[in-house]
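# Architecture and fold: a report
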Amino acid sequence: MDNKEKELRDEYQQLKQQLEDPDIYSSKEYPKLAKRFSALEDLMDLFDQKQVLTGQMAEARQMATATDQDLVALANLEIDNLERQLAENDTKLTEALLPKDLNDERDCIIEIRAAAGGDEASLFAGELYRMYSRWCETHGYKTELISESPS
């Protein structure tokens, strides 16, 4: 996971530099880059939190070796709490690093069907699809026709 973290940190720094350039805001790539930067920022927060928790765990374990029984009891409570937090953090990290579904990036799914009305309904459904697809193309969105024939 350390290699993955290093790769993600490098990508995060590159995106950060790209987004600091004022010309990027007029680019068509800006929304995509901003989304990826936001996702990486959340991941970096999780990685940073894991490092902090690991450091606190090491300190708590060192305190657990002390001779004062009260301090040992407090350190053991802290260790239990930190182990729970580390487990939660690891779960969140694992979920965040899982591959995403291709449809997650899509804004919406529109289903157009020709219902009652015969040929005229089919013609209208086709015109409606072309209207939406042309609008999407002019605004920089992708469209995909899944199936033209009813199942």
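Conventions adopted
Residues numbered from 1 in each chain as written. Predicted model: local features only at pLDDT ≥ 70, side-chain atom pairs only at ≥ 80, totals over all residues. Heavy atoms only, no water. Helix = DSSP H or I, 4+ residues; strand = E, 2+ residues; numbered from the N terminus. Buried < 20%, exposed > 50% of the residue type's maximum accessible area, 1.4 Å probe, protein only. Contact = heavy atoms within 4.5 Å. Axes fitted to C-alpha atoms, helices over the stretch in contact; angles between N-to-C directions. Parallel < 35°, antiparallel > 145°, perpendicular 65-115°, else oblique. Left-handed = near helix turned anticlockwise from the far one by under 90°. Nonpolar A, V, L, I, M, F, W, Y, C, P; charged D, E, K, R; others polar.

We now examine the environment of M57. The topology assignment puts M57 in helix α2 (residues 30-63). Using a relative accessible area of 5% as the deciding quantity, one classes M57 as buried. Sequence-wise, M57 and I24 are 33 residues apart; in three dimensions their C-alpha atoms are separated by 42 Å. Those residues in contact with M57 that sit more than four places away from it in its chain are I79, L82, E83 and L86.

Quick look at the packing of helix α1 (residues 2-20) against α2 now. The geometry of α1 relative to α2 is characterised by a closest axis approach of 9 Å and an angle of 135° between their N-to-C directions. One finds that α1 runs oblique with respect to α2. Crossing of α1 against α2: the hand is left-handed. Judged by residue contacts, E5, L8, R9, E11, Y12, L15, K16, Q18 and L19 of α1 engage Y30, L33, R36, F37, L40, E41, L43, M44, F47, D48 and Q51 from α2. Residues that form the contact of α1 with α2 fall into these classes: 11 nonpolar, 2 polar and 7 charged.

On to the packing of α2 against helix α3 (residues 69-97). Relative orientation of the contacting elements α2 and α3 amounts to 160°, with a least axis distance of 9 Å. When the axis of α2 is compared with that of α3, the two are roughly antiparallel. Relative to α3, α2 is oriented so that their crossing is left-handed. Of the residues in the contact of α2 with α3, the class split is 16 nonpolar, 5 polar and 6 charged.

None of this, on its own, says anything about what the molecule does.
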